[in-house]
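Structural overview
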Amino acid sequence: DTGVSQDPRHKITKRGQNVTFRCDPISEHNRLYWYRQTLGQGPEFLTYFQNEAQLEKSRLLSDRFSAERPKGSFSTLEIQRTEQGDSAMYLCASSSQGNYEQYFGPGTRLTVT
Amino acid sequence: SQQGEEDPQALSIQEGENATMNCSYKTSINNLQWYRQNSGRGLVHLILIRSNEREKHSGRLRVTLDTSKKSSSLLITASRAADTASYFCGHGSRLTFGEGTQLTVNP
């Protein structure tokens, strides 16, 4: 257990539905990252926050994806109008400023049917 | 698309043997990190090596970095069945990973 938690751990949804995932980072970490990982691949960066500010978004993050970190603590990742191609493991990680080491949560596995 | 590559993609060894996996990257880096991922779980940080370092040790792990060749290697000595996992190298403040090396250690 790294201290980063994600909820839910598994989500099955029908195509077209909206889903929201939550990440609780290590409390003293001000940086929070979201990654997506498909089977057999390494994680791909989606977006990251420093405190409540979203500083970078990947081109992978289409308009259907939105992430927030309203008070600089937990973060949510919402996917609207899910597609089968969204099926993946969504990983959250956190780090403290000045430290490159990232602590990953267990991930949320999304299956879109 | 992934910007790094781990090699080999899969490695199967017997317990007690050493495992070596390699990583190549394409951009200039400040540091490079290695992570382990057990099946269906999140990644766990193993070791970080800075661009001005050539070798670093941590327990049974030995990492080398050759910035002229843009490559790194991870050596796990005296492997155990519990080392069975996927291993990824990553670099950058928002990590860029390759496809990983799937290591299987047979008891």
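Look up a bit, the structure's there.
Residues numbered from 1 in each chain as written. Chains lettered and ligands numbered in written order. Predicted model: local features only at pLDDT ≥ 70, side-chain atom pairs only at ≥ 80, totals over all residues. Heavy atoms only, no water.

Moving on, we come to the pattern of salt bridges. Going through the model one piece at a time under the given rule, you end up with six salt bridges over all chains. Its salt-bridge partner being Glu56(A), residue Arg94(B) comes within 2.9 Å of it at the nearest N-O pair. Taken as a pair, Arg94(B) in the loop between strand S9 (85-91) and strand S10 (96-97) and Glu56(A) in strand S6 (residues 53-57) lie in two separate chains rather than in one. Classification of Arg94(B) as partly exposed rests on a relative accessible area of 25%. Of the residues examined, Glu56(A) reaches a relative accessible area of 29% and is grouped as partly exposed. In this structure, Arg62(B) and Glu55(B) form a salt bridge, with 3.2 Å as the shortest nitrogen-oxygen distance. Salt bridges sharing partners connect three or more residues here, namely Arg64(A), Glu83(A) and Asp86(A). (Salt bridge = Lys/Arg side-chain N within 4 Å of Asp/Glu carboxyl O. Helix = DSSP H or I, 4+ residues; strand = E, 2+ residues; numbered from the N terminus. Buried < 20%, exposed > 50% of the residue type's maximum accessible area, 1.4 Å probe, protein only.)

A separate point is the interface of chain A and chain B. If you look at the interface, chain A gives 21 residues, while chain B gives 21 residues. Buried surface at the junction of chain A and chain B, both sides included, amounts to about 1,700 Å², of which 51% is carbon and sulfur. Linking chain A with chain B are one salt bridge, by the criterion used here. At the surface where chain A touches chain B, the tally comes to eight residue pairs in polar contact (both at pLDDT 80 or more). Sorting the residues of the side of chain A that touches chain B by element identifies strand S4 (31-37), strand S5 (44-50) and strand S9 (88-95) of chain A as the ones contributing at least two each. For the side of chain A that touches chain B, the element with the highest residue contribution is S4(A), accounting for four residues. (Contact = heavy atoms within 4.5 Å. Buried area = accessible area lost by both parts, 1.4 Å probe. Polar contact = N/O pair within 3.5 Å; in protein donor to acceptor, adjacent residues only side chain to side chain.)

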